[in-house]
Amino acid sequence: MAEDDADIRCAGGRAPDPLVPGGWLEMREYGEEPVDFVIVGTGAGGAPLAARLAEAGFSVVAMDAGPFWRPLEDFASDESHQSKLFWTDDRIVDGDDPIVLGSNNSGKSVGGSTVHFAMVSLRFRPDHFRSRSLLGYGADWPIDWREMWDYYREVERVLHISGPVSYPWGPKRPRYPLRAHPLNAAADYLARGAEALGIDWAETPIATLSAPIGKAHPCVYRGFCVTGCSTNAKQSALVTWIPRALRAGAEVRDRAMVGRIETGPNGLATGVHYHRGGQWRFQRARAVIVAGYAIETPRLLLASATADQPDGLANSSGLVGRNLMIQLNQAAWGQVDDEVRSYKGPPSLAVSEHWNYRDEGKDYHGGWSYMSQGPLPVTWAKTLAGGRGLWGRELLDEMERANHSVGLKMVGEALPNAANRVTLADETDQYGLRIPRVTHSYSDNERAMMRHATRFMEDSLKATGARETWREMGDTCHLGGTARMGFDRTTSVVDADCRSWDVPNLWICDGSVFPTVGGVNPSLTIQAIACRTADRIVAMSRQGAL
Amino acid sequence: MADRYAHYDVLDKRDTPSWNDKTRQVIDARMSLREADAGIGEARLATLRRLVSRIAPQPERHAPANTVALLAHKIVKDEGEGFRPATLPRLRECWLRGLDAIEAEAQARHGRAFAGLDAERADALLRGIEAGETQASDWIALPARDFWNWRVIPDIVSMHWSHPSLWSAMGFGGPASPRGYVRLDVNRRDPWEAEEHGDG
Amino acid sequence: MRGRSLALPLVRILLRIARPASREARAATFFTGGAAVLAGSVLADSATEHYRGSFRNPAMVLPLLSASASLIINGGGGSFSRKTADVVHVAAGAVGLGGLGFHAWNVGRQTGGYRLGNLLYKAPLGAPGALVLTGLLGAIAGALRESRAGAVVPRLVTGRAAGAVVAFGLAGTVAEAGLLHFRGAFHNPAMWLPVSIPPLTALSLARDVARAIPSPATPYLLAMTATLGLAGAAFHAWGVSRNMGGWRNWRQNLLAGPPIPAPPSFTGLAIAGFGALLLLKGRTHG
């Protein structure tokens, strides 16, 4: 297979224009001169920071281990091929319930996993920012929800979120920039079930265009969202923040794998060692921002241990890599007489956050939402084979009924647990770096939530006339929590501004700073935190507090 | 089961706006892969063929998928998803050892090659691996259930349902770019989607 | 062939307007012309939209038949018998009213009933109203032709009635354009035009009807509205080309993009508006 799309593309004063086939954008280059900020990772955390800091006048180099795509010409309508968007470097998974990595929780592209995310853009329930004080579990965030509400608004505007005019849950929010998409049949089944059970539902606020914006086309409902959007309707970091960052003078380095953060004798970060174009290089920087998500971020910090910081950089609390949280992704499925053909449209066009906002009637802590589903063939076959143990003739027959299958899937809050963690294995990867070991086990709280949620979703399906319902108990999605933010240096890795307690010019900004993960998809919250961090950096810089 | 989509072939859409150049390139390359070119050796290939035929049978009314070739190439190229449980080696080594273990299991149980077992015996043997109830000593270093859950099932199923014949058989719309879909409601379909025919 | 058969009635209409004739006759020509354009818009729009709906209900073919008949009758320049014409106008009214009822019923039975999502994406509540308007305008033209012979209907009454129909029709069309442009989040500033100019036109005309005196602004507003209808179709055609795959993907984009046949209904109503003005203007002499 000819894979020309594996090349370095950001070079020679230009970077690809992700919205134009064969197109280029002018790009400023800094060489290996010291820059104000080097950002490691260009996903939901790194990309907004690159744009906002460059716009504030800082010199910025943003590195990503993955390639820089032009989706219109690089993306095939094909699940297998598009696994090129996932992080497929070696990783070990263990624990009582080792987690499946790849599609649901990783990305290796400029734009990170937002290049293939399901685009669900929900705000946290305000109380979930103070779950310890208000609800008696987890940990409080050091950020007030009202401040987050403003940053959510900013991100929703940048991503042109399509959403319902009135949202049934939580404090009043401003109108979404674009109108909600029509429901597909799978979403209609969620809505009917919710109405039958007497709970609220809504069109999912979603980061794909329902009207043309700039060079981007509106969504064509092709249904391959989680394998990458070749329409560019999906408002990934690649098509939103990254072009903005380039225009503001940031440099993006694609296919640049950062292996180690260098620190000087004073304990401050001096730059990063990175592998690009077949060799190791060093980029000097006045500050380093790590935005590699919940596995690569702790991996990099742990791998950057020094004689002074032997347990890893910024790890005096011992919490780097700890409190890894997944989100529960259990489902209920059933068969209906109707042709549902859930391969059409974004997979999650309808949502209910009922159980994020209601605390009564639970024998566990935490919230969850659930959404309609639209699995593509490979995913569906793996779901049936893994979830129901089907293979052979049974699997083939079941697959041939796929157009009549309908399902609901949860995004559920797992609680922080120090035993769930990322460490370094002894084995090394293609760069000679020690690979991460991801240890995960469920607690009783998660099992109780799964039981309740799958029963509820199954009831919803049954209320719409679905037969042969079954519960998929295995899946997880999203990660968080391996470099948590908090109120003091002994119980957290970074402060509310995402600045590490131990190394004042080291910042961490991605899902790993989440003290709790809530019952909603994290991308909107990560981007909101990134915008807040950018504002805080600008403010501190003005006060001379950097 | 009667094939509900016997008259539908997703490949008929290859030259319509449902497929872009990149998709044509990727699917053409996939469908042209041959078993023999992979180079995993004839004995292992025979075991793999029998294994794939039991796990992922071919659709009745559509062209057979080259699943064995796809998987054999994946194995040789060691094209994993990266993550793996601590109990298993990397994809290539895992599969080669796993195929040998399946063969050893057939020899231990029936004194003959796995490729030569009838359907009933082959399936019983596979159910043993699925349940972790095995006889061959190969499984000591390669936990049978892990091999089954993390390699056999996901890899075979992924390769099989990456083939257009399987998409046709299930009435899946197939590639869809630049053209997606217009009619999203229950029981509605676009003219370029598969029409379902009732059983019988 | 098709081009010629469409062009012929248009030429006839233009000839009739240019020819010196009674005020009623000239007004009737405007109503007929307006009804023809409206019928054309309804025909193309309902054909597209009901094709999207796969004609799943056999009744979905009725607006196509009715609008076709209206197009022939109104575009034919009065070469049909009054009786035939009346049947077509009444049928248009009936099918339109039936459509309004059916669309309302259909939206009501969707999940969530009359929630905004259904109003935006399911059967458009107001659209069949355009067919009712087609029938009304055609019927007014017929009544005017009758009055030429025996002055059965007083000019002023007809003028006010016609003006009211046009003003109401414009208001309804504005509401529909507003709803659909809201669905598109007014992403292009030009999308505000159909909810700013035609409402002024409707108000101006309504004021003229109330006072029974045409104001000097109304003809300009009508002309702008008529132009806007045509410009709207052009804008929508451009909008279709901007969607993924452009015109090569026409089978999707003609349905998913902005509806090209919809805006000219403004043009049809504005043309009829001129007829109403003519009658109001001529209430004392002529």
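Above this note sits the structure.
Just so it is clear, the model here is predicted, and its values are computed rather than measured.

Chemist: Hey, could you go over the overall build of chain C for me, with residue numbers and the actual values?
Modeler: Counting secondary structure elements, chain C contains eleven helices and zero strands. Counting over 286 residues, chain C shows a buried share of 48%. Across chain C, the fraction of contacts at a sequence separation of at least 24, relative to all contacts at a separation of at least 6, is 71%. Accessible surface, chain C: about 13,000 Å² in total, of which carbon and sulfur atoms supply 71%.

Chemist: Help me get a handle on the overall build of chain A, residues and values and all.
Modeler: A count of helices and strands for chain A gives twelve helices and 22 strands. Its C-alpha radius of gyration of 22 Å places chain A within 12% of the 24 Å reference for a compact globule of 546 residues. Seen through its C-alpha atoms, chain A measures out along the principal axes to roughly 65 × 50 × 45 Å. Burial status across chain A gives 70% buried among its 546 residues. Carbon and sulfur atoms form 47% of the exposed surface of chain A, whose accessible area is close to 16,200 Å².

Chemist: Summarise the pattern of salt bridges; cite the residues concerned and give the values.
Modeler: In this structure the tally under the stated criterion is 63 salt bridges over all chains. Salt-bridge contacts for A:Arg393 lead to B:Glu60; the nearest nitrogen and oxygen are separated by 3.1 Å. Of this pair, A:Arg393 sits in helix H10 (residues 393-399) while B:Glu60 is found in the loop between helix H3 (42-55) and helix H4 (67-77), placing the two residues in two different chains. Its relative accessible area of 54% is what places B:Glu60 among the exposed residues. Among the charged side chains, a salt-bridge network with shared partners connects A:Arg91, A:Glu296, A:Arg299 and A:Asp429.

Chemist: Give a detailed account of helix H4 (residues 82-108) of chain C, specifying residues and quantitative values.
Modeler: Between the first and last C-alpha of H4(C) there are 39 Å, a value that for 27 residues agrees with the 39 Å anticipated at 1.5 Å per step. Within the sequence span of H4(C), burial applies to C:Ala85, C:Val88, C:His89, C:Ala92, C:Gly93, C:Gly96, C:Gly99, C:His103, C:Asn106 and C:Val107.

Chemist: Describe the sheet that holds strand E19 (residues 434-439) of chain A, with residues and values.
Modeler: Spatially, the four strands line up as an open sheet ordered E18(A)-E19(A)-E5(A)-E1(B), and their pairing is mixed. With partners counted over all chains shown, the strands left at the sheet margins are strand E18 (421-428) of chain A together with strand E1 (83-85) of chain B, one partner each. When strand polarity is set aside, the average angle formed by the axes of neighbouring strands in this sheet is 30 degrees. Where strand E5 (residues 91-94) of chain A meets E1(B), three bridges bridge the pair, whose relative direction is parallel. Across the sheet, the residue bridging to A:Arg91 is B:Phe83, located in E1(B). Lying over the sheet, helix H7 (residues 293-303) of chain A contacts E5, E18 and E19 of chain A, oriented at roughly 65 degrees with respect to E18(A).

Chemist: Give me the interface of chain A and chain C: which residues, what numbers.
Modeler: On the chain C side, the residues contacting the 26 residues of chain A number 15 residues. For the pair chain A and chain C, the summed buried area comes to about 1,600 Å², and 59% of that belongs to carbon and sulfur atoms. Summed over the three residues of chain A that lose the most area to chain C, namely A:Arg179, A:Pro212 and A:Val220, the buried surface amounts to 30% of that side. Here C:Arg115 and A:Glu203 are joined by a salt bridge, their closest N and O atoms 2.8 Å apart. Where chain A meets chain C, there are eight residue pairs in polar contact (both at pLDDT 80 or more).

Chemist: Account for the side chain of A:Lys234, with residues named and values stated.
Modeler: Residue and element names in this part refer to chain A. Along the chain, the position of Lys234 falls in the loop between strand E8 (202-203) and helix H6 (241-247). A distance of 2.7 Å separates the side chain of Lys234 from the backbone oxygen of Phe117, its partner in a polar contact. Only 2.6 Å separates the side chain of Lys234 from the backbone oxygen of Cys225, close enough to count as a polar contact. Excluding its chain neighbours within four sequence positions, the residues that come into contact with Lys234 are Thr114, Val115, His116, Phe117, Met119, Ala207, Thr208, Cys225, Cys229 and Val239.

Chemist: Any chance you could break down the pairing of E5(A) for me, citing the residues and the numbers?
Modeler: Residue and element names in this part refer to chain A. Of the two faces of E5, the one carrying Arg91 and Val93 and the one carrying Ile92 and Asp94 are both buried. As paired strands, E5 and E19 are joined by three bridges and run parallel to one another. When the sheet's bridge partners are listed, Ile92 is paired in E19 with Arg437.

Chemist: Lay out the pairing of strand E4 (residues 60-63) of chain A in plain terms, naming residues and giving numbers.
Modeler: All names here are of chain A. Going residue by residue along E4, you find Val60 and Ala62 tucked away on one face and Val61 and Met63 tucked away on the opposite face as well. With four bridges joining them, strand E3 (residues 35-40) and E4 adopt parallel strand pairing. Within E4, the residue paired with Val38 across the bridge is Val61. One ladder, built from three bridges, connects E4 with strand E9 (residues 251-253); its direction is parallel. By the bridge assignment for E9, Ala62 is matched with Val252.

Chemist: Explain the interface of chain B and chain A to me, and be specific about the residues and the numbers.
Modeler: By a frequent convention, interface size equals the accessible area lost on bringing the separate parts together. Counting residues at the interface gives 62 residues for chain B, matched by 64 residues for chain A. Both faces considered, chain B and chain A share a buried interface measuring about 5,100 Å² in area, 58% of it formed by carbon and sulfur atoms. If you look at where chain B meets chain A, you find six salt bridges. Here B:Arg30 makes a salt bridge to A:Asp78, at a shortest N to O gap of 2.4 Å. Counting the contacts that link chain B with chain A gives 28 residue pairs in polar contact (both at pLDDT 80 or more). Where the side of chain B that touches chain A is concerned, the elements lending two or more residues are helix H1 (21-31), H3, E1, helix H6 (119-131), helix H7 (144-160) and helix H8 (164-170) of chain B. Residue contributions to the side of chain B that touches chain A peak at seven residues, all from H1(B). A class-by-class count of the residues in the side of chain B that touches chain A yields 30 nonpolar, 14 polar and 18 charged.

Chemist: For the packing of helix H8 (residues 197-211) of chain C against helix H9 (residues 217-242) of chain C, give the residues involved together with the corresponding values.
Modeler: All names here are of chain C. Direction vectors running N to C along H8 and H9 enclose 145 degrees, while the axes themselves pass 9 Å from each other. The way H8 lies across H9 gives a crossing that is left-handed. For the pair formed by H8 and H9, the contact residues are Ile197, Pro198, Leu200, Thr201, Ser204, Leu205 and Asp208 on the first element and Ala217, Thr218, Leu221, Leu222, Met224, Thr225 and Leu228 on the second. Residues of the contact of H8 with H9, tallied by class, amount to nine nonpolar, four polar and one charged.

Chemist: Quick rundown of helix H9 (residues 377-388) of chain A? Include the residues and the values.
Modeler: With twelve residues, H9(A) extends 16 Å between its outermost C-alpha atoms, agreeing within 8% with the 16 Å of an ideal straight helix rising 1.5 Å per residue. For H9(A), the secondary structure elements touched by its buried residues are strand E14 (331-335), H10, strand E17 (405-413) and strand E20 (467-472) of chain A together with H7 and H8 of chain B. Looking one or two residues beyond H9(A), the residue adopting positive phi is A:Gly389, at roughly 65 degrees.

Chemist: Outline unusual backbone geometry, listing residues and values.
Modeler: Cis geometry is found at the peptide bond from B:Ser177 to B:Pro178, where omega equals 5 degrees. Structurally, B:Pro178 is set in the segment after H8. At A:His160, a residue that is not glycine, the phi angle is positive and equals roughly 50 degrees. Mapped onto the elements, A:His160 comes out in the loop between helix H4 (145-158) and strand E6 (162-163).

Chemist: Explain the packing of aromatic side chains residue by residue, including any values.
Modeler: For the coordinates displayed, the defined rule picks out 27 aromatic pairs over all chains. Between A:Phe124 and A:Phe129, the ring centres sit 5.0 Å apart and the planes meet at 25 degrees, which makes this aromatic pair stacked. Given the relative accessible area of 0%, A:Phe124 is considered buried. Given a relative accessible area of 1%, A:Phe129 falls into the buried group. Centre to centre, the rings of A:Tyr167 and A:Trp169 are 5.2 Å apart; their planes meet at 75 degrees, and the pair counts as edge-to-face. A:Trp169 matches A:Tyr167 in its accessibility class, with the two residues each being buried. Ring pairing ties together the aromatic residues A:Phe224, A:Tyr343, B:Trp167, B:Phe172 and B:Tyr181, which thus form one cluster. Just above the ring of A:Trp87 sits the side chain of A:Lys108; from NZ or CZ to the centre is 4.8 Å. Directly above the ring of B:Trp192 sits B:Arg179, whose terminal nitrogen or CZ lies 4.3 Å from the centroid.

Reading the values: the criteria
- Positions within a chain are numbered from 1, following the residues in the order the chain's sequence is written.
- Chains carry letters from A onward and ligands carry numbers from 1 onward, assigned in written order.
- Whole-chain, interface and lining totals are the exception, using all residues; otherwise, since this is a predicted model, local features are given only for residues with pLDDT of at least 70 and side-chain atom pairs are given and counted only at 80 or more.
- Hydrogens and waters are ignored; side-chain quantities use all the structure's heavy atoms.
- In this description a helix means any DSSP run of H or I spanning at least four residues, a strand means any run of E spanning at least two, and both kinds are numbered starting from the N terminus.
- Note on exposure labels: buried denotes an accessible area under 20% of the residue type's maximum, exposed denotes more than 50%, and partly exposed covers the range between, all computed with a 1.4 Å probe on protein chains only.
- Contacts were defined at the residue level, with two residues in contact if any of their heavy atoms lie within 4.5 Å.
- In this description, accessible areas are obtained by the Shrake-Rupley approach with a 1.4 Å probe, and a residue is regarded as covered only by the protein chains that are shown.
- Atoms considered for the radius of gyration are the C-alpha atoms alone. The globule rule reads 2.2 Å times the number of residues to the power 0.38.
- The salt bridge criterion pairs a side-chain nitrogen of Lys or Arg with a carboxyl oxygen of Asp or Glu, the two atoms within 4 Å.
- In this scheme, a helix's expected span is set at 1.5 Å multiplied by one less than its residue total.
- Any two strands with at least two DSSP bridges between them are considered paired.
- Whenever a helix is involved, its axis is fitted only over the stretch in contact; in every case the axis is a line through C-alpha atoms, and angles between N-to-C directions fall within 0 to 180 degrees.
- A simple way to read buried area is as the amount of 1.4 Å-probe accessible surface that goes missing from two parts once joined, with both sides added.
- Polar contacts, as counted here, are pairs of nitrogen or oxygen atoms within 3.5 Å of one another; within protein the pair requires one atom able to donate a hydrogen and one able to accept it, and residues that are adjacent in sequence qualify only if both atoms are side-chain atoms.
- Gly counts as polar in this scheme, as do all residues outside two lists: the nonpolar Ala, Val, Leu, Ile, Met, Phe, Trp, Tyr, Cys and Pro, and the charged Asp, Glu, Lys and Arg.
- Crossing chirality is assigned from the near helix's rotation relative to the far helix, an anticlockwise turn below a right angle marking it left-handed and a clockwise turn marking it right-handed.
- Planes of paired rings set the category: under 30 degrees apart is stacked, over 60 is edge-to-face and the rest tilted, where pairs are Phe, Tyr or Trp rings (Trp by its six-membered ring) whose centres lie within 6.5 Å.
- For a Lys NZ or an Arg CZ to count as sitting over a ring, it must be within 6 Å of the ring centre and within 35 degrees of the ring normal.

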